[in-house]
Amino acid sequence: MANQIATFFASQPHAAAVEGTRVHIQKFWDPRMRAKIADVLALPENGLSPIAREALKGLPQKASAA
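Keep in mind that what you see is a predicted model, and the values were worked out from it rather than measured. (Residues numbered from 1 in each chain as written. Predicted model: local features only at pLDDT ≥ 70, side-chain atom pairs only at ≥ 80, totals over all residues. Heavy atoms only, no water.)

A. Inspection of the pattern of salt bridges at higher detail. Tallying each qualifying case throughout the model produces 2 salt bridges. Residue Arg-32 pairs with Asp-30 through a salt bridge whose shortest N-O separation is 2.8 Å. On the basis of relative accessibility, which here comes to 63%, the residue Arg-32 falls in the exposed class. (Salt bridge = Lys/Arg side-chain N within 4 Å of Asp/Glu carboxyl O. Buried < 20%, exposed > 50% of the residue type's maximum accessible area, 1.4 Å probe, protein only.)

Written as C-alpha cells, this is what we have:
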C-alpha cells in the first residue's frame, strides 16, 4: 500500500512526492500499520519504492514508554 501511495504522488517533484507520501501515511494509517511497515522497512529486500522508502524513513519514531 505504501508503494501505491508513492505512485500516486510520483508525478510531483521528488521532494513533494516524498512529503505527500509521508503526510498521507502519518494522517491516515493506524499506528499498528505504521509499526508493521517499520518492520518491513528494516528488511534489506523490502520491496519498497524509493519514494515510499524515503517517506517512511522520515516518519517520526514512536517514543518508547519510560
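B. The nonpolar core, seen in detail. Core analysis: the largest hydrophobic core is formed by 16 residues, its most contacted members being Ala-2, Ile-25, Trp-29, Ile-37, Leu-48 and Leu-56. Elements that contribute at least two residues to this core include exactly helix H1 (2-9), helix H2 (14-28), helix H3 (31-41) and helix H4 (50-57). (Core = buried A, V, L, I, M, F, W, Y, C linked by side-chain atoms within 4.5 Å. Helix = DSSP H or I, 4+ residues; strand = E, 2+ residues; numbered from the N terminus.)

C. Up close: the packing of aromatic side chains. The tally for this structure, following the rule as stated, stands at 1 aromatic pair. Both rings, one in Phe-8 and one in Phe-9, keep their centres 5.0 Å apart while their planes meet at 90°; by these two values the pair is edge-to-face. Given the relative accessible area of 62%, Phe-8 is considered exposed. What makes Phe-9 buried here is its relative accessible area of 15%. (Phe/Tyr/Trp six-rings, centres within 6.5 Å; stacked < 30°, edge-to-face > 60°.)

D. H1, seen in detail. Of all the residues in H1, the buried ones are Ala-2, Ile-5, Ala-6 and Phe-9. Take H1 and look down its axis: the buried residues cluster within an arc of 100°, on one side only. Counted as exposed and oriented over 90 degrees from the buried face of H1: Gln-4, Thr-7 and Phe-8. Buried residues along H1 sit against H2, H3 and H4. (Arc of directions from axis to C-beta. Contact = heavy atoms within 4.5 Å.)

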